[in-house]
Amino acid sequence: MTPVLSATNICAGYHSRKAVSNVSMVIPPAGVVTLIGANGAGKTTFLGALMGLLPSTGTILFQGEDITRASVHERVGMGMSLVSEKRDLFSSMSVEDNLVLGCYRRNRASSSSSLDEMYGRFPKLLERRHQEAGTLSGGERQMLAMGRALMAAPKLLMLDEPSLGLAPLIVQDIFRIVSELKSSGISILLVEQNARAALHVADHGCVMELGDVILQGPAKELLDNTRLMEIYLGSAA
């Protein structure tokens, strides 16, 4: 089967500083790949390169098509969605208006159907639908950011530190939702510092350190490798 995304020898950085060096990754259809590592490892930079937010070298194929030089707008139109660690919501707009913005490329009937689906997946958002996004709790903001991305019906959903700053019970909810999305057939690239939780929901894991992927393999094998978890992931494990 053609991978949803295939990235080869990706290099990217900020100004003259290279933060990612020759990273390659394959994401299969309906698969979850997690990219784990400490702060400063280059995880967010890699996501930015895949989404076209940062200049990069290397080759990126999306569903077999070369999108290396495609714009962010074009990548979104093809089916890529990114939820950044900042969540990037429109704080003064209502929850529902934020969600509707996520499917601006789709027709009204699809929008209505997708709204019902999001409210079913995130019941808290239904309760808060008329509330300004800026008044939501951290967990609710994360759910709204994920819901808005899903409104575009993406083929690949990229999540950057979805558990960042959230209470343990909310973190459990977020990873439960990731598992449900996997079952629905969406491919997911999950960037996380919470290595153990990420590996539990992923099929494949990549460990990044100082801009390089130093190890990758089936998530279960990485999860069972106690020494690896201690050496490379430290307290995040």
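Residues numbered from 1 in each chain as written. Predicted model: local features only at pLDDT ≥ 70, side-chain atom pairs only at ≥ 80, totals over all residues. Heavy atoms only, no water.

Our next topic: the pairing of strand S9 (residues 204–209). Pairing geometry for strand S3 (residues 32–36) and S9, over four bridges, is parallel. Residue pairing across strands places Val33 opposite His204, the latter belonging to S9. Summarising the sheet, S9 and strand S10 (residues 212–218) pair through six bridges and their orientation is antiparallel. Note that in S10 the partner of Cys206 across the bridge is Gln216. Between the end of S9 and the start of S10, which pair antiparallel, lie two residues, with Leu210 showing a positive phi angle near 50°. (Pairing = 2+ DSSP bridges. Helix = DSSP H or I, 4+ residues; strand = E, 2+ residues; numbered from the N terminus.)

Phi at Asn22 takes a positive value of approximately 50°, unusual for a residue other than glycine. Of note, Asn22 is situated in strand S2 (residues 17–27). For Asp88, which is not a glycine, the phi torsion comes out positive at approximately 50°. Tracing the chain through its elements places Asp88 in the loop between strand S6 (80–83) and helix H3 (95–101).

This paragraph deals with the environment of Leu82. Structurally, Leu82 is set in strand S6. Distance from Leu82 to Asp160, taken between C-alpha atoms, is 7.7 Å for residues 78 residues apart in sequence.

In this section: the confidence of the model for the protein. Considering every residue of the protein, the mean pLDDT works out to 91; 95% of them sit at 70 or more. Per-element confidence in the protein is highest for strand S5 (residues 65–66), whose mean pLDDT is 98, and lowest for helix H10 (residues 226–233), whose mean pLDDT is 68. (pLDDT = per-residue confidence, 0-100.)

What follows covers helix H6 (residues 138–150). With 13 residues, H6 ought to run about 18 Å at 1.5 Å a step, and its terminal C-alpha atoms sit 18 Å apart, in line with that. Within the sequence span of H6, burial applies to Gly139, Glu140, Arg141, Gln142, Met143, Leu144, Ala145, Met146, Gly147, Arg148, Ala149 and Leu150. (Expected span 1.5 Å × (residues − 1). Buried < 20%, exposed > 50% of the residue type's maximum accessible area, 1.4 Å probe, protein only.)

So, about the nonpolar core. Core analysis: the largest hydrophobic core is formed by 44 residues, its most contacted members being Leu157 and Ile188. When sequence neighbours within four positions are dropped, the list of residues in contact with Leu157 reads Ser81, Val83, Ala149, Leu150, Leu181, Ile186, Ser187, Ile188 and Leu189. Grouped together as the second largest cluster of nonpolar side chains are 28 residues, Leu35, Ile67, Cys206 and Met208 included. (Core = buried A, V, L, I, M, F, W, Y, C linked by side-chain atoms within 4.5 Å. Contact = heavy atoms within 4.5 Å.)

In this section: the pairing of strand S7 (residues 156–160). Look at any regular strand and the pattern is simple: side chains alternate between the two faces of the sheet. Most of S7 is tucked away: five of the five residues are buried. Side-chain alternation along S7 places Leu156, Met158 and Asp160 on one buried face and Leu157 and Leu159 on a second face that is also buried. Bridge count for S6 against S7 is four bridges, and the pairing is parallel. Paired with Val83 across the two strands is Leu159, which belongs to S7. Where S7 lies against strand S8 (residues 187–192), five bridges are found, and the strand directions are parallel. Each residue of the ladder has a partner; that of Asp160, found in S8, is Val191. For the crossover that starts at S7, traverses helix H7 (residues 168–183) and ends in the parallel S8, the hand is right-handed. (Right-handed = clockwise from strand over helix to strand, strands pointing away.)

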